[in-house]
Amino acid sequence: MLPAKQPLEKTPATSSLQERIRQSLEDELRSGAMRPGDAIDEPALCERFGASRTPVREALLLLVAKGLVEIVPRSGIYVRRLDARELVAMMEGLAELEGVLARLAATRIHAQLRERLQAALAHTAACAQTQDAEGYVQANMQLHELIYEASGNDFIVEQTRLLRLRITPYRGRMFEKPGRLARSQQEHATVVAAICAGQAEVAAEAMRQHICAGGSAFTDMVLGAPAQAGYERPRKSR
């Protein structure tokens, strides 16, 4: 769903406005403000961003190219739904990409980043101990971002972030599963210890296991994901 109109600094550069619109919509997908199957109202976006149809349509086409949005002929524009097979494939791909980044981080991390990574681990631990699922989601992302930074491979990081963005709407409640926060924190500790010790292959395997979550949390996520049911009754944008 689209939130209420927000002010946006106007600029004569259409490409800059297009980028701002794209980034804003991606942020809403990431936060859950827009969900799979939601209808996207182009005129409402134009009004909200104070933009003509051109930059709005160009921003939406960029999201289409990323697989985040779908244009359905004679129906409308929607946040794209993923079926179970697509989710499984993406989670498998994400596990491998994150594993590669963890391995690279173990060989390239420097002292300052090592300290920041350990501080991020302490943050996730605090959230897990207090059962703060919402805080844990944010702390978890910060920890992974530090591993991305330590990897030094911007290309793989970009692909990983896109996969995470596409999967995020289906993983939103995963940390609410009983015991999942504690297990996730244990997995984080194993990954971080291996990276800090320079144990590249150990870090890679630990990260793969962390993303797959031993299979159980992932299976629950897939079974609980919205089905691919078409767009007969799309959700209204706001």
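This structure is a prediction, so every number in the text was calculated from the model and none was measured.

Okay, the overall build of the protein next. A count of helices and strands for the protein gives 10 helices and 3 strands. Each helix and strand of the protein, placed in order from N terminus to C terminus, yields the pattern α-β-α-α-β-β-α-α-α-α-α-α-α. Evaluated residue by residue, the protein yields a buried proportion of 45% over its 238 residues. Contacts in the protein between residues far apart in sequence, at least 24 positions, make up 76% of those at least 6 positions apart.

Glancing now at the side chain of Ser-151. Among the structural elements, Ser-151 can be located in helix α6 (residues 133–151). Excluding anything up to four places from it in sequence, Ser-151 contacts Leu-101, Leu-104, Ala-105, Arg-108 and Val-157.

Now for the packing of α6 against helix α9 (residues 200–212). Relative orientation of the contacting elements α6 and α9 amounts to 150 degrees, with a least axis distance of 14 Å. Comparing their axes, α9 and α6 come out roughly antiparallel. Considering how the two elements wind past one another, α6 and α9 form a crossing that is left-handed. Contacts from Asn-140, His-144 and Ile-147 in α6 reach Met-207, His-210 and Ile-211 in α9. For the contact of α6 with α9, the class distribution of residues is 3 nonpolar, 3 polar and no charged.

Attention now goes to the sheet that holds strand β3 (residues 76–79). Pairing within the open sheet is antiparallel, and its 3 strands lie in the order β1-β3-β2. Only two strands of the sheet have a single partner each, and these edge strands are β1 (39–40) and β2 (69–72). Note that β1 and β3 share 2 bridges and pair antiparallel. Opposite Ile-40, over in β3, you have Ile-77 as the bridge partner. Strands β1, β2 and β3 of the sheet are contacted by helix α3 (residues 53–65), whose axis makes an angle of about 110 degrees with β2.

In summary, soluble globular proteins display a tendency toward joint burial of nonpolar side chains. Grouped together as the largest cluster of nonpolar side chains are 31 residues, with contacts concentrated most on Leu-117, Leu-143, Ile-147 and Ile-195. Those elements that place two or more of their residues in this core are α4 (84–108), α5 (111–129), α6, α7 (154–171), α8 (180–196) and α9. No other element matches α4, which puts 8 residues into this core. In this view, Leu-143 contacts Leu-117, Ala-120, Leu-121, Thr-124, His-188 and Val-192; residues no more than four positions away in its chain are not counted.

This part takes up the packing of α5 against α6. Packing of α5 against α6 leaves a shortest axis separation of 9 Å and a crossing angle of 160 degrees. Comparing their axes, α6 and α5 come out roughly antiparallel. Regarding α5 and α6, the two cross each other, and that crossing is left-handed. Mapping the contact onto sequence places Leu-113, Arg-116, Leu-117, Ala-120, Leu-121, His-123, Thr-124, Cys-127 and Ala-128 in α5 and Gly-135, Tyr-136, Ala-139, Asn-140, Gln-142, Leu-143, Leu-146, Ile-147, Glu-149 and Ala-150 in α6. Across the contact of α5 with α6, the residue classes break down as 12 nonpolar, 5 polar and 2 charged.

Take α6 next. Residue pairs three or four apart in sequence face the same way in an α-helix, which turns once every 3.6 residues. Its 19 residues give α6 an end-to-end C-alpha distance of 27 Å, which sits within 8% of 27 Å, the value for a rise of 1.5 Å per residue. Along α6, the residues that are buried comprise Ala-133, Gly-135, Tyr-136, Ala-139, Asn-140, Leu-143, His-144, Leu-146, Ile-147, Tyr-148, Ala-150 and Ser-151. Buried residues belonging to α6 abut α4, α5, α7, α8 and α9. Just past α6, the residue Gly-152 takes up positive phi, approximately 70 degrees.

Here the focus is the pattern of salt bridges. Tallied over the full model, the rule gives 14 salt bridges. Between Glu-42 and Arg-57 there is a salt bridge, with its nearest N and O atoms 2.6 Å apart. Highlighted residues: Glu-42 in helix α2 (residues 42–49) and Arg-57 in helix α3, separated in sequence by 15 residues. A salt bridge links Glu-86 to Arg-80, with the shortest nitrogen-to-oxygen separation between them at 2.7 Å. For Glu-86, a relative accessible area of 22% puts it in the partly exposed group.

With 4 bridges joining them, β2 and β3 adopt antiparallel strand pairing. Bridge pairing links Ile-71 to Ile-77 in β3. Linking β2 to β3, which pair antiparallel, is a turn of 3 residues; within it Arg-74 sits at a positive phi near 60 degrees.

Criteria and thresholds
- Residues numbered from 1 in each chain as written.
- Predicted model: local features only at pLDDT ≥ 70, side-chain atom pairs only at ≥ 80, totals over all residues.
- Heavy atoms only, no water.
- Helix = DSSP H or I, 4+ residues; strand = E, 2+ residues; numbered from the N terminus.
- Buried < 20%, exposed > 50% of the residue type's maximum accessible area, 1.4 Å probe, protein only.
- Contact = heavy atoms within 4.5 Å.
- Axes fitted to C-alpha atoms, helices over the stretch in contact; angles between N-to-C directions.
- Parallel < 35°, antiparallel > 145°, perpendicular 65-115°, else oblique.
- Left-handed = near helix turned anticlockwise from the far one by under 90°.
- Nonpolar A, V, L, I, M, F, W, Y, C, P; charged D, E, K, R; others polar.
- Pairing = 2+ DSSP bridges.
- Core = buried A, V, L, I, M, F, W, Y, C linked by side-chain atoms within 4.5 Å.
- Expected span 1.5 Å × (residues − 1).
- Salt bridge = Lys/Arg side-chain N within 4 Å of Asp/Glu carboxyl O.

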